[in-house]
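Here is what each chain is made of, one letter per residue.
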Amino acid sequence: MSRTRRSTGLQSWRLPGLLSLPEDVWRTRHRWVTTVLLAHLPLLAGWTLYRHTPLLSSLPLAVPAGLYLLATAEQLTRGRLRVHRALASCAAAAGLMACSSYLVSVSGGYIEAHFHFFVMVPVVALYEAWAPFSVAIAWVLLEHGLVGTLWPQHVYGHNHEHMLHPWRFAGVHAAFFAAACTGSLTAWTLAERARAVQADLVEQLRHQTLHDDLTGLANRAHLAQAMDSALAGGTQVAVLALDLDRFKEVNDTLGHSAGDELLRAVSARAATGVERPGLLVRLGGDEFAVLLPGLDVQEALAVAQRLRTTIARITSLQNPERGDSPGSSADAVFAPHSSIANTVASTLPNTITVSIGVSIGIAHRPALPTGAGRDLSPAQRARVADELLREADVAMYTAKRSGSGTALYEASTDSHTACHLAMLTDFRRALDDDDQIVVHLQPKVAIADGQLLGVEALARWNHPVRGLLAPSEFLAMATGAELSAPFTAKVLTEALFVCRSWLRRGYRVPVSVNITAHCLMRPSFAFDVADMLVRQGVPADLLCLEITEDTLVADPVAAAQVLAALRATGVRTSIDDFGTGYSSLSYLRQLPVDELKIDRSFVLGLYPRGPGEPADDALVATIVDMGHRLGMHVVAEGVEHRDELAVLAGLGCDSVQGYLFSPPVPVDRFPPELLRTAARTTPSAGYQVLT
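Residues numbered from 1 in each chain as written. Predicted model: local features only at pLDDT ≥ 70, side-chain atom pairs only at ≥ 80, totals over all residues. Heavy atoms only, no water.

**Brief notes about the overall build of the chain**
Within the chain, the regular secondary structure consists of 29 helices and 18 strands. Here the chain holds 691 residues, and the buried ones make up 44% of them. For the chain, the accessible area works out to roughly 34800 Å², and carbon and sulfur atoms hold 59% of it. (Helix = DSSP H or I, 4+ residues; strand = E, 2+ residues; numbered from the N terminus. Buried < 20%, exposed > 50% of the residue type's maximum accessible area, 1.4 Å probe, protein only. Areas by Shrake-Rupley, 256 points an atom, 1.4 Å probe, with all protein chains shown as cover.)

**Regarding the confidence of the model for the chain**
In the predicted model, the chain carries a mean pLDDT of 80, and the fraction of residues at 70 or more is 79%. Ranking the elements of the chain by mean pLDDT puts helix 15 (residues 329-333) last with 39 and strand 17 (residues 655-657) first with 96. Low confidence marks residues 323-348, where pLDDT is under 50. Its contacts with residues over four positions away, or in another chain, come to 24 contacts. (pLDDT = per-residue confidence, 0-100. Contact = heavy atoms within 4.5 Å.)

**Quick notes on the pattern of salt bridges**
A complete count under the given rule lists 23 salt bridges for this structure. When the shortest N-O distance is used, the salt bridge between Arg381 and Asp228 registers 2.8 Å. With Arg381 in helix 17 (residues 378-402) and Asp228 in helix 11 (residues 220-232), this residue pair connects regions lying 153 residues apart in the sequence. Looking at Arg381, the relative accessible area reads 11%, which means it is buried. The exposure class assigned to Asp228 is partly exposed, which follows from its relative accessible area of 26%. Members of the salt-bridge network, linked through shared partners, are Lys444, Glu456, Glu546, Glu595, Lys597 and Glu637. (Salt bridge = Lys/Arg side-chain N within 4 Å of Asp/Glu carboxyl O.)

**Considerations on the packing of aromatic side chains**
For the structure on display, the rule yields 9 aromatic pairs. Ring geometry for Phe474 against Phe487: centres 6.2 Å apart, planes inclined by 70°, an arrangement best described as edge-to-face. Highlighted residues: Phe474 in the loop between strand 10 (467-469) and helix 19 (475-478) and Phe487 in helix 20 (residues 484-505), separated in sequence by 13 residues. Assigned by exposure class, Phe474 and Phe487 land together as buried. (Phe/Tyr/Trp six-rings, centres within 6.5 Å; stacked < 30°, edge-to-face > 60°.)

**Observations concerning the sheet that holds strand 1 (residues 237-245)**
In a beta sheet, neighbouring strands are held together by backbone hydrogen bonds and run either parallel or antiparallel to one another. The strand order across the open sheet formed by 5 strands is 2-3-1-6-7, and the pairing between neighbours is mixed. Each of the sheet's edge strands pairs with one partner strand only, and the pair in question is strand 2 (279-284) and strand 7 (406-408). Across the sheet, the mean angle from the axis of one strand to that of its neighbour is 20°, orientation sign disregarded. In terms of strand pairing, strand 6 (residues 357-365) meets strand 7 through 3 bridges, oriented parallel. Each residue of the ladder has a partner; that of Gly361, found in strand 7, is Ala407. The sheet contacts of helix 13 (residues 256-272) involve strand 1, strand 2 and strand 3 (287-293), and relative to strand 2 the element is tilted by about 155°. Against the sheet, helix 14 (residues 297-311) makes contact with strand 1, strand 3, strand 6 and strand 7, and its axis sits at roughly 165° relative to strand 6, the strand it touches most. (Pairing = 2+ DSSP bridges. Axes fitted to C-alpha atoms, helices over the stretch in contact; angles between N-to-C directions.)

**Some points on the environment of Gln442**
Considering the arrangement of structural elements, one finds Gln442 in strand 8 (residues 437-446). Judged by its relative accessible area of 8%, Gln442 falls in the buried class. Separated by 225 residues in the primary sequence, Gln442 and Val667 place their C-alpha atoms 9.7 Å from one another. With sequence-adjacent residues up to four places away left out, Gln442 is seen in contact with Gly454, Val455, Glu456, Leu458, Gln657, Gly658, Tyr659, Ser662, Pro663 and Pro664. Side chain to side chain, Gln442 and Gln657 meet in a polar contact 3.0 Å long. Within the local environment of Gln442, its side chain forms a polar contact with the backbone oxygen of Ser662, the two atoms lying 3.2 Å apart. (Polar contact = N/O pair within 3.5 Å; in protein donor to acceptor, adjacent residues only side chain to side chain.)

**Observations regarding the layout of surface pockets**
In this structure, the largest pocket encloses a volume near 730 Å³. Breaking the lining of the largest pocket down by element, the ones donating at least two residues are strand 9 (452-463), helix 20, strand 12 (511-514), strand 13 (543-548) and strand 14 (572-578). Sort the elements by how many residues they give to the lining of the largest pocket and strand 9 lands first, with 5 residues. Residues that form the lining of the largest pocket fall into these classes: 14 nonpolar, 10 polar and 9 charged. (1 Å grid on protein atoms, 1.4 Å probe; cavity = no way out; pocket = protein on both sides within 12 Å on 5 of 7 lines; lining within 4 Å. Points joined across faces, edges and corners; volume = space filled by probe spheres on them. Nonpolar A, V, L, I, M, F, W, Y, C, P; charged D, E, K, R; others polar.)

**Digging into the pairing of strand 14**
With 5 of 7 residues buried, strand 14 is to be regarded as a mostly interior element. In the sheet, strand 13 pairs with strand 14 via 5 bridges, with the strands oriented parallel. Each residue of the ladder has a partner; that of Leu545, found in strand 14, is Thr573. Pairing analysis gives 3 bridges linking strand 14 to strand 15 (residues 595-598), with the strands arranged parallel. By the bridge assignment, Ser574 is partnered in strand 15 with Glu595.

**A look at the packing of helix 13 against helix 14**
Viewed as axis vectors pointing N to C, helix 13 and helix 14 meet at an angle of 140°, and their least axial separation amounts to 9 Å. Pair helix 13 / helix 14 crosses with right-handed handedness. On helix 14, the residues touching Val266, Arg269, Ala270 and Thr272 of helix 13 are Leu307, Thr310 and Ile311. A breakdown of the residues in the contact of helix 13 with helix 14 according to their chemical character gives 4 nonpolar, 2 polar and 1 charged. (Left-handed = near helix turned anticlockwise from the far one by under 90°.)

**Digging into the side chain of Glu391**
For Glu391, the position within the fold is in helix 17. A distance of 3.0 Å separates polar atoms of two side chains, one belonging to Glu391 and the other to Arg365. Excluding anything up to four places from it in sequence, Glu391 contacts Ala363, Arg365 and Tyr409.

**Considerations on helix 22 (residues 525-536)**
Helix length check: helix 22 (12 residues) gives 17 Å between terminal C-alpha atoms against 16 Å at 1.5 Å per residue, within 8%. Here helix 22 has its buried residues at Phe525, Ala526, Val529, Met532, Leu533 and Gln536. The arc that holds every buried residue of helix 22, seen down its axis, measures 125°, which confines them to one face. Among the structural elements, helix 20, helix 21 (517-520), strand 13 and helix 24 (556-569) are those in contact with the buried residues of helix 22. Following helix 22 by one or two positions, Gly537 adopts a phi angle in the positive range, close to 70°. (Expected span 1.5 Å × (residues − 1). Arc of directions from axis to C-beta.)

Here's what the structure looks like:
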């Protein structure tokens, strides 16, 4: 019977016995009952001796003794002799009733001895089963009916009334016994109902533990169990990682209730595309997974395509702006004018249709040799399961970036492999090494007179095995939240060391260093920079920190505070790659910025590469004019040709940076002719390192 039917049945009156005791509970109760039976045997034997009962009359005591041996045969033989629990419980019940009958018979039918029956009935009812309970009832009926009628002196004593009217007294005893049985049945019923409620609660908790509350799908814990079973069997396993496209737009536009409605609709549709023994799982948010045991790569790809088609259907969602329900936005805006609210609400649609896509990544493990999967420990299987899910997740992001919708995991595209981890470890060591993180310098040159106005310090990694590495091979690690601060400090130290060494030679050359968003979000960053300048003995106005537009957009308020603190110390700031980000021009007006660097992509567009392609000179001119009006120095990046230099000069650009003058080079290879054009100062005058 299902859990629902069982719970419904327990709400109405019925006889007990629908639920049998669990095996461990039954065994515990059986030990208690048989212990009570065993305790009777020496007590009744002692009572027999005390009463000087004839030997022939004491022979019935062998009946409960034999029944005890039958009831405990399995325990006595240590499991070698198997006895069905129904037979064992019936034997114990009959043994207790036999003890009651013997006590009544030996006592000569005393009324007080009959109380023993009433005590034993609740003991037998502990089994909560009809078989032993029926044995007890049948025993009493035979005892008081048949024996009480034929040999009333053994049941009702020697009272004259008892002898003349045995059936009358049998009825009286039957009434009392029925009352005792009713009490036992009531207790039995209540205990059974309590056990059923407990079982329902356990089942509900188990279901909640293994299923998602919103969609009813399996959850991560359920997936872990299913993957462990699949891997233990050694069969081939495919895992799909699913992530809904544009789901955030639905949440942000229509609200979380609409997002939940969409998730339920998508879950219901996706469930139709996954056949057993496959398992559809919601991992959280708009992320799902599918476990496909026994499927190869091509079959998994077919399931993925079927899921994409199934999920991508248009979904109708309730419009939160519709004024049909209390608390709608129309009611909130037009609450004082209900007629206006009704008019506005009537023009809004009841539902909004949305189209949702999905990106799916696939990871696969081939079948293991027979029995090999079972040789893996649970911990090893858990590691394999985690790796499978991670690989599917990597493939899913590959599919999302490429726009293909579906991607199969490939180790060559995985940036989280053991090789990547080894590189990350090497990079951590490089930050503690004085020789691995180095800076190459690229000059900034004034357009008007060709004077060296400054240099940009660009980091390079001098790997002990792989040689000199470009930023593209380590920048993602360097700009992460964990390593951003030590990496920036390392580059700043190297750049300021160069600036100090040139100062001692009499050259006053400002140096620019790129900083990450994580640094700009730290309130203490300005203090750290000021402290570093003091320790290096470099004037603050010789340091320029370059920041990209995206860095400013991340948190413009915090960025403005840090930039203001940097300006207070005398450090200059520059917006790098201007025009390629998505910042508002209002930020540019509000932020304390000294320099604007035009991105190389605009410089390349100064000369059209074909007929009909417009030049970017108007756009560059606008940027130059805007920078000047805001009091900024304007630098053009990526200048490689004299023609570009001439156009930039005509547009009023202040300085340029690019291969036309020098690529990024080590300090010892910096063009000396450029260095000689820099502003001069007295060599070594006042520029001592503070320690």
